[in-house]
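# An overview of the molecular structure
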Amino acid sequence: MRRRTPPPPSPLPQRDGIDAVRVRLPAHGPWSTVREHLAERLSGAGAGVVDGMFDAGLFVGADGRPVPADAPYVPGMCVWFHRELPAEVPVPFPLEVVHRDEHIVVVDKPHFLATTPRGGHVTQTALARLRRELGIPALGAAHRLDRLTAGLVLFTVRPGERGAYQGLFAARRVHKEYEAVAPYDPALALPRTVRSRILKERGVLAAREVDGEPNAVTRVELLDRRPNGLGRYRLVPGTGQTHQLRVHMNALGVPILGDPLYPVVAAPVPAGDFRRPLQLLARELAFTDPVTGREHRFRSGRSLGAWTAYQDWAGPADGDAGA
């Protein structure tokens, strides 16, 4: 099997923990200059933006020098630049480091903080923040946790080892336990293992269960219940489908508190609205280190607000603000 040649290193340093964008010119095409290709490829940036970036020397080659607009098109050539970062409201919650060694960093992520840059969440992500705070530019995520879910996330220090840790998750050799707060239903027999087929379509916010061979398995246990009608649950996923735990809890008739997608898709909240976080927490992460052979077991120190202080979590009812 032919081994892929690794991409050349970026001549540009990270900006706010974000890598420069690398564009590799296609092997074939009608372009005679680098500018012609980039103007077509980045047409969504708006008229004149690409020319302005060339004038400012923002496109650079492998040597770090600005690429002139009239530079001849060379198939396979790489060009780097920093994209304009979106304005983001800072997520005002701490990102706790649970473990750090020369191979991995394990953090306890707060609600509302995305794991890796995506869409409108770029610098306000766990990866970008850790790169800045820990001074580890090469840090990479071994897996992802939903932005609305809090808890344990594993990052890798050395790019060459990232694949080994990602392979643990792909092969389901990582034991994961979650906690959730949801309504208590005395008629719901627990513990039980939920199996279903979940479909997540591109461009559709919510996933759904469909007929067919199960691709999602979750063990659901009741840990405790309160007189106010709430239950605290342990969720142990056997698979890793998108929104799997949220879909399965909703299917059982006990949707997780604070879920904006299940059972119904709620209207988007304004940027900076950090009220009523989803009551889902990645509580435990355990695995055998593929590099050192060491047995790891990490546990989140966070608590779910709807369980520890329901009124504080719920806050005023919609429409009661300022009353």
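Our structure's up above, just so we're on the same page.
Reading the values: rules and limits
Residues numbered from 1 in each chain as written. Predicted model: local features only at pLDDT ≥ 70, side-chain atom pairs only at ≥ 80, totals over all residues. Heavy atoms only, no water. Phe/Tyr/Trp six-rings, centres within 6.5 Å; stacked < 30°, edge-to-face > 60°. Helix = DSSP H or I, 4+ residues; strand = E, 2+ residues; numbered from the N terminus. Buried < 20%, exposed > 50% of the residue type's maximum accessible area, 1.4 Å probe, protein only. Patch = residues over 30% accessible without salt bridge, like charges linked within 9 Å, V, L, I, M, F, W, Y side chains within 5 Å. Areas by Shrake-Rupley, 256 points an atom, 1.4 Å probe, with all protein chains shown as cover. Salt bridge = Lys/Arg side-chain N within 4 Å of Asp/Glu carboxyl O. Lys, Arg positive; Asp, Glu negative; His and termini not counted. Charge placed at Lys NZ, Arg CZ, Asp CG, Glu CD. Polar contact = N/O pair within 3.5 Å; in protein donor to acceptor, adjacent residues only side chain to side chain. Contact = heavy atoms within 4.5 Å. Core = buried A, V, L, I, M, F, W, Y, C linked by side-chain atoms within 4.5 Å.

So, about the packing of aromatic side chains. Under the definition given, this model contains eight aromatic pairs. Judged by centre distance (5.7 Å) and plane angle (80 degrees), the rings of phenylalanine 93 and phenylalanine 274 are edge-to-face. Of this pair, phenylalanine 93 sits in the loop between strand 2 (78-81) and strand 3 (96-100) while phenylalanine 274 sits in the loop between helix 5 (244-251) and strand 12 (280-288), and the two are 181 residues apart along the sequence. On the basis of relative accessibility, which here comes to 31%, the residue phenylalanine 93 falls in the partly exposed class. Summarising the aromatic geometry, the rings of phenylalanine 287 and phenylalanine 298 are spaced 6.3 Å apart at their centres and angled 50 degrees between planes, so their arrangement reads as tilted. With phenylalanine 287 in strand 12 and phenylalanine 298 in strand 13 (residues 295-299), the pair connects residues that are eleven residues apart, well separated along the chain. Neither residue differs from the other here; phenylalanine 287 and phenylalanine 298 are each classed as buried. Joined through ring pairs, the aromatic side chains of Phe54, Phe59 and Phe81 make up one cluster.

Glancing now at a positive patch on the surface. Together, Arg118, Arg144, Lys200 and Arg202 make up a region of like positive charge exposed at the surface. Considering the arrangement of structural elements, one finds arginine 118 in the loop between strand 4 (104-109) and helix 3 (126-134).

Moving on: the side chain of threonine 125. You can see threonine 125 is positioned in the loop between strand 4 and helix 3. In terms of polar contacts, threonine 125 uses its side chain to reach the backbone amide nitrogen of alanine 128, at 3.3 Å.

Turning our eyes to something else, we now look at the pattern of salt bridges. Inspection of every chain in the model, using the stated rule, returns 16 salt bridges. Notably, a salt bridge pairs arginine 35 with aspartate 51, separated by 2.6 Å at the nearest N-O pair. Of the two residues, arginine 35 sits in helix 1 (residues 34-41) while aspartate 51 sits in helix 2 (residues 49-55), which places them 16 residues apart along the sequence. Since its relative accessible area comes to 30%, aspartate 51 is described here as partly exposed. The shortest N-O distance in the salt bridge between arginine 246 and aspartate 146 comes to 3.5 Å. Of this pair, arginine 246 sits in helix 5 while aspartate 146 sits in the loop between strand 5 (140-141) and strand 6 (150-156), placing them 100 residues apart in sequence. For aspartate 146, a relative accessible area of 30% corresponds to the partly exposed category. When salt bridges with common partners are traced through the structure, they connect Glu179, Arg232, Arg283, Glu284, Arg297 and Arg299 into a single cluster.

Among the nine residues that make up helix 3, seven are buried, leaving the element largely enclosed by the rest of the structure. Those residues of helix 3 that fall on the buried side of the exposure criterion are Ala126, Leu127, Ala128, Arg129, Leu130, Arg131 and Leu134. Looking at the buried residues of helix 3, the elements they touch are strand 3, strand 4, strand 5 and strand 6. One or two steps after helix 3, the chain reaches glycine 135, where phi turns positive at roughly 70 degrees.

Turning our attention to the nonpolar core. Membership of the largest hydrophobic core comes to 34 residues, with the highest contact counts inside it found for Val105, Leu139, Phe155, Leu235, Met249 and Leu280. Contributing elements (two or more residues each) for this core: strand 4, helix 3, strand 6, strand 7 (175-183), strand 11 (230-237), helix 5 and strand 12. The element that contributes the greatest number of residues to this core is helix 3, accounting for four residues. Setting aside its immediate chain neighbours within four residues, leucine 235 contacts Lys176, Glu177, Tyr178, Ala180, Thr218, Arg219, Val220, Leu245, Met249 and Leu280. Residues Leu25, Trp31, Val50 and Tyr73 belong to the second largest nonpolar core, which totals 15 residues.

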